Protein chains: 2
Amino acid sequence: MNADKIPDIIITRLPVYLRALQHMADNGIKNTSSQELGESVGISAAQIRKDISQFGEFGKQGTGYSIPYLLDKLREILKVDRLWDVIIVGAGDMGHALARYQGFANRGFNAVMIFDNDKDKVGQKIGDLTIEDTVDLIEKVKSAGVKIAMLTIPATVAQDTADKLVQAGVKAILNYAPISLNVPEDVKVQYIDPATHLQRMTYYL
Amino acid sequence: MNADKIPDIIITRLPVYLRALQHMADNGIKNTSSQELGESVGISAAQIRKDISQFGEFGKQGTGYSIPYLLDKLREILKVDRLWDVIIVGAGDMGHALARYQGFANRGFNAVMIFDNDKDKVGQKIGDLTIEDTVDLIEKVKSAGVKIAMLTIPATVAQDTADKLVQAGVKAILNYAPISLNVPEDVKVQYIDPATHLQRMTYYL
């Protein structure tokens, strides 16, 4: 199996399967079928079988998938069988919400630092984190070896900050700023922009 | 042009083009090319030309696209040439952040109500909104005719609340709860789940 050969669209669906399987496991369910998993995520059973079979033979004809086994495999494939340190840049409303979000730890992520360029905010606590000054971002992120950042700052300063993150060695950016970022090819960006998501639905209304 | 015939994946990209064009317009730029637009959003010029041509001939060979004209057309296609009322269900950290978010109004959306089932929160103000009791949700949403909701509540109560939204006539749900929702075919759902987005990048690290 060559990681480069798996289409990006399949990788996009795996975390959705992982999340649904985790919910089943939390409810004490031990086995599932592509049919049942498909109904819970709104994707066809055939698509699910095809996606999962890209990585090996994880199901059995007749008995379906062992949930603990498939969970382990998906976590391994997505590399969330470990805990990734993540930084947050921007301690506004969204940065606060993310710093306090309880849903990261059991899905592979741990927020370790939060930065802001507002001197009045620097030193304030959010949960276990203390807001740090963005002027120290490159040095601190580099020396801690953090590879993942969440960007919750205004669009006007997002590209400049993304450049600093790249300089600091960050390889994955979850961007909440409503602007497309230009980054080197080896840096991944995912976008969360509620207005964009809403506009994808109004078309159909 | 038949709306049903445009592939969903194209509709997914249009709000990204719209956002980039708006940034250009804000910077006083009047014309652009598929090449330039492509560079700003990380999508090929050929793809952009193909996507936009689904809806008509909006560009000119040699001179490219008039930004104000293309903005108007995209807003019309995505139906954000008007202001949509939106409700927020869940007045936690994320609900607060969305209620205070300044980026909706100029992109077609207006948060008009926020609900929570915590009696201690009901009556509190967030900006211009007063938190209302979720027990009144169906009646208030129905009588106001609101069609769009943002769901920022725990996964355990998300499906039940989504059912209530459907009952109230909501046709588009932006779901922040980390769980897949089952809704009727004529109801659209978009998902925002930071852990899912992060897991789409760790695969490549």
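For the structure, check the block above.
About the criteria used
Residues numbered from 1 in each chain as written. Chains lettered and ligands numbered in written order. Predicted model: local features only at pLDDT ≥ 70, side-chain atom pairs only at ≥ 80, totals over all residues. Heavy atoms only, no water. Helix = DSSP H or I, 4+ residues; strand = E, 2+ residues; numbered from the N terminus. Polar contact = N/O pair within 3.5 Å; in protein donor to acceptor, adjacent residues only side chain to side chain. Contact = heavy atoms within 4.5 Å. Salt bridge = Lys/Arg side-chain N within 4 Å of Asp/Glu carboxyl O. Pairing = 2+ DSSP bridges. Axes fitted to C-alpha atoms, helices over the stretch in contact; angles between N-to-C directions. Buried area = accessible area lost by both parts, 1.4 Å probe.

S.K.: Talk me through the side chain of Gln 199 of chain B; I want residue IDs and the actual numbers.
M.R.: Among the structural elements, Gln 199 of chain B can be located in helix H8 (residues 194–202). In this structure the side chain of Gln 199 of chain B is engaged in a polar contact, spanning 3.0 Å, whose partner is the backbone oxygen of Arg 107 of chain A. The contacts of Gln 199 of chain B, once residues within four sequence positions are left out, are Pro 15, Leu 18, Leu 78, Val 80, Arg 107 and Phe 109 of chain A.

S.K.: Describe the pattern of salt bridges, listing the residues and the values that go with them.
M.R.: Scanning all chains against the criterion turns up 22 salt bridges over all chains. The residue Asp 93 of chain A makes a salt bridge to Arg 100 of chain B at a minimum N-O spacing of 2.8 Å. A residue pair is termed interchain when its members come from two chains, as with Asp 93 of chain A in helix H5 (residues 93–100) and Arg 100 of chain B in helix H5 (residues 93–100). We note a salt bridge from Glu 132 of chain B to Lys 140 of chain B, for which the minimum N-O separation is 2.7 Å.

S.K.: Which residues make up the sheet that holds strand E4 (residues 84–89) of chain B, and what are the values?
M.R.: Across a sheet, strands are paired by hydrogen bonds formed along the backbone, either parallel or antiparallel in direction. Residues and elements named next belong to chain B. Strand order in the open sheet formed by seven strands is E6-E7-E5-E4-E8-E9-E10, and the pairing between neighbours is mixed. Two strands close off the open sheet at either side, each with one partner strand: strand E6 (125–126) and strand E10 (188–191). Bridge count between strand E5 (residues 109–116) and strand E7 (residues 129–133): three bridges; the pairing is parallel. Opposite Asp 116, over in E7, you have Asp 133 as the bridge partner. Strands in contact with helix H7 (residues 155–167) are E4, strand E8 (148–151) and strand E9 (172–175); relative to E8, the strand with the most contacts, it is inclined by about 170°.

S.K.: Now, about the interface of chain A and chain B: what can you tell me, with residues and values included?
M.R.: Frequently, the measure chosen for interface size is the accessible area that the parts lose on association. Across the boundary between the two partners, chain A contributes 59 residues, which contact 59 residues of chain B. Both sides together, the interface formed by chain A and chain B hides about 5800 Å², and carbon and sulfur atoms give 63% of it. Among the residues chain A hides against chain B, the three largest losses belong to Gln 199, Tyr 203 and Leu 205 of chain A. Together they make up 14% of the total. The interface formed by chain A and chain B contains six salt bridges. One salt bridge connects Asp 193 of chain A with Arg 107 of chain B, and the closest N-O pair in it is separated by 2.9 Å. Linking chain A with chain B are 22 residue pairs in polar contact (both at pLDDT 80 or more), by the criterion used here. The set of elements that each furnish at least two residues to the side of chain A that touches chain B consists of helix H1 (8–26), helix H2 (34–41), H5, strand E8 (148–151), strand E9 (172–175), strand E10 (188–191) and helix H8 (194–202) of chain A. Per element, the largest residue contribution to the side of chain A that touches chain B is nine residues, and it comes from H8 of chain A.

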